[in-house]
Amino acid sequence: MRRFFMHTWILEKPGLFSRTEPGHMADPAAGEVLVKVHRMGLCGTDYHAYQGEQPYFAYPRLLGHELGVEVIATGEDVQQIAAGDRCAVRPYLACGRCDACLRGYTNACEQMQVLGVHVDGGLQLYLKLPASQLHKSSTLSFDALALVEPLSIGAHAVHRARLQADDRVLILGAGPIGLAVATFAGLHQLQKLAVADLQAQRLSFLQKLSFPQRPSPVLLSQEPMEQICAAFDGKKPTVIFDATGNARSMEQCFSYAAQGARIIYVGLCQQHLSFSDPLFHQKELTLFASRNSLPADFAYIIELLESGHLQVQAWVTHRYPLAQLPQAFEAIHQTRDDICLKAMIDMET
């Protein structure tokens, strides 16, 4: 039994963090690892939980699922991971037994538990996990490892879309997930790639980040259809990713889309959505949902990062010590739509 003298913060209810007391943790069991959390990225899920707007969430909860960790100890039968390894954490705890898992859809497990949402997450200096949830790298920084999970959401959505070189691709929402989608969509060298948002500040990140194919910015206002078509030389997009989580935006995708287009919902909203069935049929549209990501997505991203084909240093725009976590949430809540792309928590300070 190990005792860790470390205070952290638990989200008691929307808008309220409280300090936790240090506690005991058993040694890792067979198939488990004990990790030290070095970095925790803040995600829209964390912000929504703080605001009381996150589906499938129960309080109180230790947040955190974007993690860069170091392996401290391993349980019996763990062979692929060793003490000292640096790893990204795949935070989707699938049961491995349901029909979805047996068919390979572990990202949509019927009994899914996500760290920091359904069970306590990485907002603690030490954490036990199944070894199968770790993806190691011998070269990446803890910052980069913590970014693998949000990047994987974009990578998985792009894999779902099955992009072709002649596609005209529109991404709605220039937040972290929309920009992650743009990053992996650009690897296909598309006919045209554009990112649209209502906030000019968010679109400014298109000039600051590294993209395989630089997207065109589209600042939406009162005539979104005209602005979108103008970005595609008068044509409509053949693929639309909605990363806004906004019901109105998600519904408008059906109007924006070209005949035979694919629409991929990456963002999540709590409302019911509605659309015109005649329009849906008349255009012969295809609608996808994209949820979480798969182990192969993590391996793909780590390979791109290690090879230098993907650069993510500019993604971290804010950094806070753990001691200032409540103040960080309040500050980011006030400004994140304008200037915050990714905030990183240094768990050791």
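Read on for a plain summary of the structure. (Residues numbered from 1 in each chain as written. Predicted model: local features only at pLDDT ≥ 70, side-chain atom pairs only at ≥ 80, totals over all residues. Heavy atoms only, no water.)

**Description of the overall build of the protein**
Phase 1: Regarding its fold elements, the protein presents 10 helices and 19 strands.
Phase 2: Over its C-alpha atoms the protein spans a radius of gyration of 20 Å, differing by no more than 12% from the 20 Å that the globule rule assigns to 349 residues.
Phase 3: Taken along the three principal axes of its C-alpha coordinates, the protein extends 65 × 40 × 40 Å.
Phase 4: Buried residues in the protein amount to 54% of all 349 residues.
Phase 5: Residue pairs in contact within the protein that sit at least 24 positions apart in sequence constitute 70% of those at least 6 positions apart.
Phase 6: Accessible surface for the protein amounts to roughly 15,500 Å². Of this, 49% is attributable to carbon and sulfur atoms.
Phase 7: Taking the average place of the 29 positive charges on the side chains of the protein and the average place of its 34 negative ones, the gap between the two points comes to 1 Å. (Helix = DSSP H or I, 4+ residues; strand = E, 2+ residues; numbered from the N terminus. Rg over C-alpha atoms; globule rule 2.2 N^0.38 Å. Buried < 20%, exposed > 50% of the residue type's maximum accessible area, 1.4 Å probe, protein only. Contact = heavy atoms within 4.5 Å. Areas by Shrake-Rupley, 256 points an atom, 1.4 Å probe, with all protein chains shown as cover. Lys, Arg positive; Asp, Glu negative; His and termini not counted. Charge placed at Lys NZ, Arg CZ, Asp CG, Glu CD.)

**A few points about the environment of F298**
Phase 1: Inspection of the secondary structure assignment puts F298 in helix 9 (residues 295–307).
Phase 2: C-alpha of F298 to C-alpha of I153: the two residues are 145 residues apart in sequence and 9.6 Å apart in space.
Phase 3: With sequence-adjacent residues up to four places away left out, F298 is seen in contact with A88, V89, R90, P91, Y92, H135, V148, E149, S152 and S293.

**Comments concerning the nonpolar core**
Phase 1: Grouped together as the largest cluster of nonpolar side chains are 98 residues, with contacts concentrated most on L134, L151, L163, L179, F241 and W315.
Phase 2: Sorting elements by how many residues they give to this core places helix 3 (residues 142–161) first, with 12 residues.
Phase 3: Once residues within four sequence positions are removed from consideration, F241 is found in contact with A157, V158, A161, L163, V169, L170, I171, L172, V181, I264 and V266.
Phase 4: Counting residues in hydrophobic clusters, the runner-up holds 22 residues, among them L170, V218, A231 and A257. (Core = buried A, V, L, I, M, F, W, Y, C linked by side-chain atoms within 4.5 Å.)

**So, the side chain of E149**
Phase 1: Here E149 lies in helix 3.
Phase 2: K342 provides the closest opposite charge to the buried, salt-bridge-free E149, at an N-O distance of 6.7 Å.
Phase 3: Among all residues touching E149, those that are not within four sequence positions of it are H65, E66, V89, P91, Y92 and F298. (Salt bridge = Lys/Arg side-chain N within 4 Å of Asp/Glu carboxyl O.)

**Quick word on the state of the cysteines**
Phase 1: Using the criterion set out here, one finds 0 disulfides in the structure.
Phase 2: Looking at the unpaired C229, the closest cysteine sulfur is the one in C253, lying at 14 Å.
Phase 3: Given a relative accessible area of 14%, C229 falls into the buried group. (Disulfide = S-S within 2.5 Å.)

**Digging into the sheet that holds strand 16 (residues 262–265)**
Phase 1: Reading across from one edge, 14-13-12-15-16-17 is the order of the 6 strands in this open sheet, with parallel pairing throughout. Two strands lie at the open edges of the sheet, namely strand 14 (216–219) and strand 17 (286–289), each paired on one side alone. Strand-to-strand twist across the sheet, computed as the mean angle between neighbouring axes with direction ignored, equals 20°.
Phase 2: Against the sheet, helix 3 makes contact with strand 15 (239–242), strand 16 and strand 17, and its axis sits at roughly 150° relative to strand 15, the strand it touches most.
Phase 3: Where helix 7 (residues 247–256) meets the sheet, it contacts strand 12 (168–172), strand 15, strand 16 and strand 17, and its direction lies at approximately 170° from that of strand 16. (Pairing = 2+ DSSP bridges. Axes fitted to C-alpha atoms, helices over the stretch in contact; angles between N-to-C directions.)

**A closer look at the environment of Q313**
Phase 1: Inspection of the secondary structure puts Q313 in the loop between helix 9 and strand 18 (316–321).
Phase 2: Judged by relative accessible area, which is 61%, Q313 ranks as exposed.
Phase 3: Separated by 61 residues in sequence, Q313 and Q252 have C-alpha atoms that sit 34 Å apart.

**Examining the packing of helix 3 against helix 4 (residues 176–185)**
Phase 1: Contact geometry of helix 3 with helix 4 gives a least axis separation of 8 Å together with a crossing angle of 55°. Relative to helix 4, the element helix 3 lies oblique. Judged by the sense of rotation from one axis to the other, the crossing of helix 3 with helix 4 is right-handed. Together, P150, L151, I153, G154, A155, A157 and V158 of helix 3 and I177, A180, V181, F184 and A185 of helix 4 make up the contact between the two elements. (Parallel < 35°, antiparallel > 145°, perpendicular 65-115°, else oblique. Left-handed = near helix turned anticlockwise from the far one by under 90°.)

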